[in-house]
Structure formats: structure tokens, C-alpha cells
Amino acid sequence: EAAGAVLGTAADRLFSLSGLFAVYKPKGPTSAGVLNLLKERLLAEAGVQTNEKKRNRVLKIGHGGTLDSAAAGVLVVGIGKGTKMLRTMLAGSKKYTAIGMLGKATDTLDATGKVTEEKPYDQVTKGDLENVLQKFTGHIMQVPPLYSALKKDGERLSTLMKRGEAVEAKPARPVRVYSLSLQQFQPPLFTLDVECGGGFYVRSLVSDIGKELSTCATMQELTRTKQGPFTLEEHALHEDKWTIDEIARSLKHCTALLPREPPHKKLKREHPGETAVICE
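Conventions adopted
- Residues numbered from 1 in each chain as written.
- Predicted model: local features only at pLDDT ≥ 70, side-chain atom pairs only at ≥ 80, totals over all residues.
- Heavy atoms only, no water.
- Helix = DSSP H or I, 4+ residues; strand = E, 2+ residues; numbered from the N terminus.
- Buried < 20%, exposed > 50% of the residue type's maximum accessible area, 1.4 Å probe, protein only.
- Contact = heavy atoms within 4.5 Å.
- Areas by Shrake-Rupley, 256 points an atom, 1.4 Å probe, with all protein chains shown as cover.
- UniProt positions renumbered as here; feature names shortened; annotations may be inferred.
- Expected span 1.5 Å × (residues − 1).
- Arc of directions from axis to C-beta.

A. Here's a closer look at the overall build of the chain. Looking only at helices and strands, the chain features eight helices and 15 strands. The buried share among the 280 residues of the chain stands at 42%. The long-range share in the chain, meaning contacts at least 24 apart out of those at least 6 apart in sequence, stands at 74%. Carbon and sulfur atoms make up 52% of the accessible area of the chain, which amounts to about 14900 Å² in all.

B. Representation of the environment of Thr116 within the structure. With respect to the helices, strands and loops of the structure, Thr116 is situated in strand 6 (residues 115-118). You can call Thr116 exposed: its relative accessible area is 55%. For the pair Thr116 and Lys104, spaced twelve residues apart in sequence, the C-alpha separation works out to 7.7 Å. Apart from the residues lying within four places of it in its own chain, the contact partners of Thr116 are Ala105, Thr106 and Asp107.

C. Just the UniProt feature "domain: tRNA pseudouridylate synthase B C-terminal" (unreviewed entry) in the chain, in detail. In the numbering adopted here, UniProt assigns the feature "domain: tRNA pseudouridylate synthase B C-terminal" (unreviewed entry) to residues 203-238. Helix makes up 39% of residues 203-238 and strand 42%, whereas the separation of the span's terminal C-alpha atoms amounts to 25 Å.

D. Here's a closer look at helix 8 (residues 244-255). Here helix 8 contains twelve residues, and its C-alpha end-to-end distance of 16 Å stays within 8% of the 16 Å for a straight helix at 1.5 Å per residue. Buried within helix 8 are the following residues: Ile244, Glu246, Ile247, Ser250, Leu251 and Cys254. Down the axis of helix 8, the smallest arc covering the buried residues is 155 degrees, so these residues share one side. Across helix 8 from its buried face, at more than 90 degrees, point the exposed residues Arg249 and Lys252.

E. The arrangement of the environment of Leu90 in detail. Counting through the fold element by element, Leu90 comes out in helix 3 (residues 86-91). A relative accessible area of 6% means that Leu90 is categorised as buried. The spatial distance from the C-alpha of Leu90 to the C-alpha of Gly65 is 5.6 Å, given a sequence separation of 25 residues.

Here it is as C-alpha cells:
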């Protein structure tokens, strides 16, 4: 009897959670995979069976912007009514640290792809690289990568590419770079800090920088260090903290960071290709 009562309260606490918090996504799994694991953990802790024929209550949970499988860092999660706030996270600013490699290009624009081109890079100096960065700051036009979560006829471009179908590049679109700086230069590797708006691809940036320097470049590593007000150091819960209590504590802390809800205006979506992913 008593055990049943405890489980009941855990389930009640879980289903009463509402708002935005952040988790740490490691390299390897997809963003959706991380979300599913989080959901499994919480339902298991609450003692809620997920394989029941009729599911009485649905745990609403979603994330506010995909991180590539090969990337790590902050993944903003909405739970309960918080799922409605995810769209604002997509359009908001994000910060990344990226390691690029000069002299090699790949089909995916990152280390997971096949090498498509190799070029000398010895001529590139630290000064050259710093000068080029100015061209990529502010309001710029960017062509999204072919391997991406953007869709064509309802299917992800990356899925079509993997099947070997011909995919045309999406047209260049306006994106915003708030700041861009060179942290380290040890040829062929260079480390960038980028703060950008919605719909921006760091892989495309690294590739474009390579072309601008008359060589080529591919992204080796990517970490999202901040999204909206959530930072990697302060707010991203690692897997050992994926418990109802820790998330409740985090939600309290994080709700204080968010701007007060403005009067409801229809949000103009900056990039129609992007959606907040909600799984129920």
C-alpha cells in the first residue's frame, strides 16, 4: 500500500512539472535520442508504465533546437506548458565553440563525412584568419548544409542524401552573427567562439571560412555553450541529475532567468524550416 502511495506522488510530481530547463547532450546520440532517454528515465522513476494500451496521462516534453549527433552541449528542454515556449528558443541567440580544420573538406562539412577535397593551407596566417572573420559578422547570407535536419517534401535532407538521392542546395538565407572570434590557431586547427541567431549552421561557417582563405575547411568539433539564458556550466543537467527532484529544482532556477511573458503576439518564425521538436 505505502509503496503504491509513494509512486502515486512521484507520478503526480512528474506531471505537475512545467517550464524550461537545460540538459547536457553528449557527442554521439541525436537530440531526439537524448530527449527519449530523459523521458524514459522520468517515467520509470515515477513508476509509470509506458507500454500500457491506454495511456492515461501524456508527458509532454520537447527540445528547442536540434544539436547534430556529433555535437555536444546545451539542449533546452520544455516540459508541460513549457513546450509552448520552445519556439522562442529557436529564434533566440546561441553560443558555440567550434574547432575547424584547414586543408580538408567533407560532404557533411564535419568530421563524420567523407573527404571530398584536400588543399594546401600552409599559406594561411593567424592574421588572415582574423581578417576573414570580419566578413562573417553581422547580417550575412548563408547556404545551409545539404546534410541537415531541414526538410524537402517532408523528408530530412540528410535522409535523402544518405539514400543517394540528388539534393539541391537550399537557397542562401539571411542569418545573424552577433560575435565571432578566434580563440586558438594551431594549423591546421583553429578554434572559434560564435554567437549567432536562429537557423545558423556553424558547419557552413567553417566551410565558408576555408573557401574565403583559398583553401578548404571542415568542422572537427562543436559545443553549444549557451542557448538563450541557459549556459553549459551553470544550467545544463548531466545524465546523473535526470531526476524529478533535480528537474523541479532546475525549473525553479531557470524560470527566474526567462523574460516575463510579453502580451501574446503571433511569433513570426525566423526560419520556416525549423521546428521545436515535441514528443508525446
